[in-house]
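A look at the structure
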Amino acid sequence: MATSDNFDLAHLGAIELHTPKFEESLHFFRDICAMREVARVGDSAYLRCWDEYQRYTLKLTASDTNGVGRTLFRTTSREALERRVAAIEATGLGHGWRDPEVGVGPSYEFEDPDGHLMALHYETELYVPDDEDRPALKNQASAYPGRGINARRMDHINYLASDVTAAGEFWADVMRARESERVRQDDGRFAARWFRFHQKSYDVVYSADWTGARGRFHHFAFAPDSREDILKAADICLENGIHIEYGPYKHAINQTFFLYVWEPGGNRIEFANAQARLLLDPDWPVVEWSQAERAKGQAWGMKTVATFHTHGTPYVENQEEIDREALAGSR
């Protein structure tokens, strides 16, 4: 049965993404996805989708490598923040408090059992549109861009993990997120686990990293308005030379209509129509899929692309060769 601390986390706050091709990645997010750049500090650009209430949700940082930096999660109150911090400190995974920065107040930094860097915060800066970005409707965060993929908001994040079971236990027991679905292999280990904070079917996902590496990034997802927007996104990516890895198609798990691409820096990005399915039951039981069920493929039978469990960022040694072997069926 759900308890009050299952609702301590409000939503995915912001993601730092590293890229070795900063200008090309910036073009992808700003011009193709129609995000707006709201700040530039050092080697980082801060961007937002058009209907997000916060100042920013993506911190794009120039780097020698790719992958995810620190992920921010917002809590539902100061009291909720203190509860989750106390639980994290008890695990020994906490790094301590950080001073306010662009868009957010004090944050508590920590890592998950697989080494992904994260932070919790409550205080946040609301986005205030200027004359150019002021919406016609006062219940909308900013003007509808009407160009490119028109990503409306950030939806979820998926991490690769060397031990999906341990990562899932952390999110269930320490972060108190509720699990919606999972995949159990024949040997009893978990191949993937999906967790939710409120009525969305998932906010955080862990997938098994077949390379055995720790702390890598699988993808984060943007939420456009409709399936049709995702079909248009495929055409837009095709015209702009963006590598399409998988889709458009429909997941069996959580029923998300999706498109996966690799942005110019090599990071996987999803466009997902996930808001069509909500879990209104606070005590929704975990849906478990067997290895045989997952082997049947996605909702309409298409098999999961082999690079889904090998291609991650930052790259491991011989990443391209590993991906080729996966596609050839030798991994």
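Whatever comes next refers back to the structure up there.
This structure is a prediction, so every number in the text was calculated from the model and none was measured.

Some points on the layout of surface pockets
Quantified by volume, the largest pocket comes out at close to 660 Å³. Every residue lining the largest pocket is counted, 31 residues in all, and those nearest its centre are Arg294, Gln298, Thr304, Phe308 and His309. Every element with two or more residues in the lining of the largest pocket is listed here: strand E9 (153-161), strand E11 (190-196), strand E12 (204-208) and helix H5 (291-295). Residue composition of the lining of the largest pocket, grouped by class: 15 nonpolar, 12 polar and 4 charged.

Some remarks on the side chain of Glu109
In this structure, Glu109 sits in strand E7 (residues 107-111). Beyond its immediate chain neighbours, meaning those up to four positions away, Glu109 contacts Arg70, Gly94, His95, Gly96, Arg98, Leu117, Met118 and Ala119.

What about the packing of aromatic side chains?
Enumeration according to the criterion identifies 23 aromatic pairs in this entry. Feature note: the residues Tyr246, Tyr249, Phe257, Phe258, Tyr260, Trp300 and Phe308 constitute an aromatic cluster, connected by ring pairs. The side chain of Arg74 reaches across the aromatic face of Tyr122, ending 4.7 Å from its centre. Positioned above the aromatic ring of Phe190 is the side chain of Arg193, whose terminal nitrogen or guanidinium carbon lies 4.5 Å from the ring centre.

Brief notes about empty space enclosed by the protein
Applying the stated criterion to the full structure yields 1 cavity of 30 Å³ or more. In this structure, the largest cavity occupies an estimated 40 Å³ of space. Lining the largest cavity are Gly13, Ala14, Gln54, Arg55, Tyr56, Leu72, Gly103, Val104, His121, Thr124 and Glu125. Residue composition of the lining of the largest cavity, grouped by class: 4 nonpolar, 5 polar and 2 charged.

Notes on the sheet that holds E7
Read from one edge to the other, the open sheet built from 8 strands follows the order E2-E3-E4-E1-E5-E8-E7-E6, with strand pairing classed as mixed. Whereas interior strands pair on both sides, the edge strands pair on one side only; in this sheet they are strand E2 (36-41) and strand E6 (94-98). Put simply, the sheet's adjacent strands are angled 20° from each other on average, direction ignored. Where strand E1 (residues 9-19) meets strand E5 (residues 67-75), 7 bridges bridge the pair, whose relative direction is antiparallel. What sits directly across from His18, in E5, is Gly67.

Focus: the sheet that holds strand E16 (residues 268-273)
Read from one edge to the other, the open sheet built from 9 strands follows the order E14-E15-E16-E13-E9-E12-E11-E10-E17, with strand pairing classed as mixed. The open sheet has two free edges, formed respectively by strand E14 (243-250) and strand E17 (287-290), since each of these has just one partner strand. Ignoring which end each strand starts from, the neighbouring axes of this sheet average 15° apart. Lying over the sheet, helix H4 (residues 227-239) contacts E14, strand E15 (257-262) and E16, oriented at roughly 20° with respect to E15.

Quick word on the environment of Asn254
Here Asn254 lies in the loop between E14 and E15. For the pair Asn254 and Glu24, spaced 230 residues apart in the sequence, the C-alpha separation amounts to 32 Å. Apart from the residues within four sequence positions on either side, Asn254 is in contact with Ser180, Glu181, Trp194, Ser201, Tyr202 and Arg277.

Definitions and cut-offs
Residues numbered from 1 in each chain as written. Predicted model: local features only at pLDDT ≥ 70, side-chain atom pairs only at ≥ 80, totals over all residues. Heavy atoms only, no water. 1 Å grid on protein atoms, 1.4 Å probe; cavity = no way out; pocket = protein on both sides within 12 Å on 5 of 7 lines; lining within 4 Å. Points joined across faces, edges and corners; volume = space filled by probe spheres on them. Helix = DSSP H or I, 4+ residues; strand = E, 2+ residues; numbered from the N terminus. Nonpolar A, V, L, I, M, F, W, Y, C, P; charged D, E, K, R; others polar. Contact = heavy atoms within 4.5 Å. Phe/Tyr/Trp six-rings, centres within 6.5 Å; stacked < 30°, edge-to-face > 60°. Lys NZ or Arg CZ within 6 Å of the ring centre and 35° of its normal. Pairing = 2+ DSSP bridges. Axes fitted to C-alpha atoms, helices over the stretch in contact; angles between N-to-C directions.

The quantities given are spatial measurements derived from coordinates; they are silent on function.
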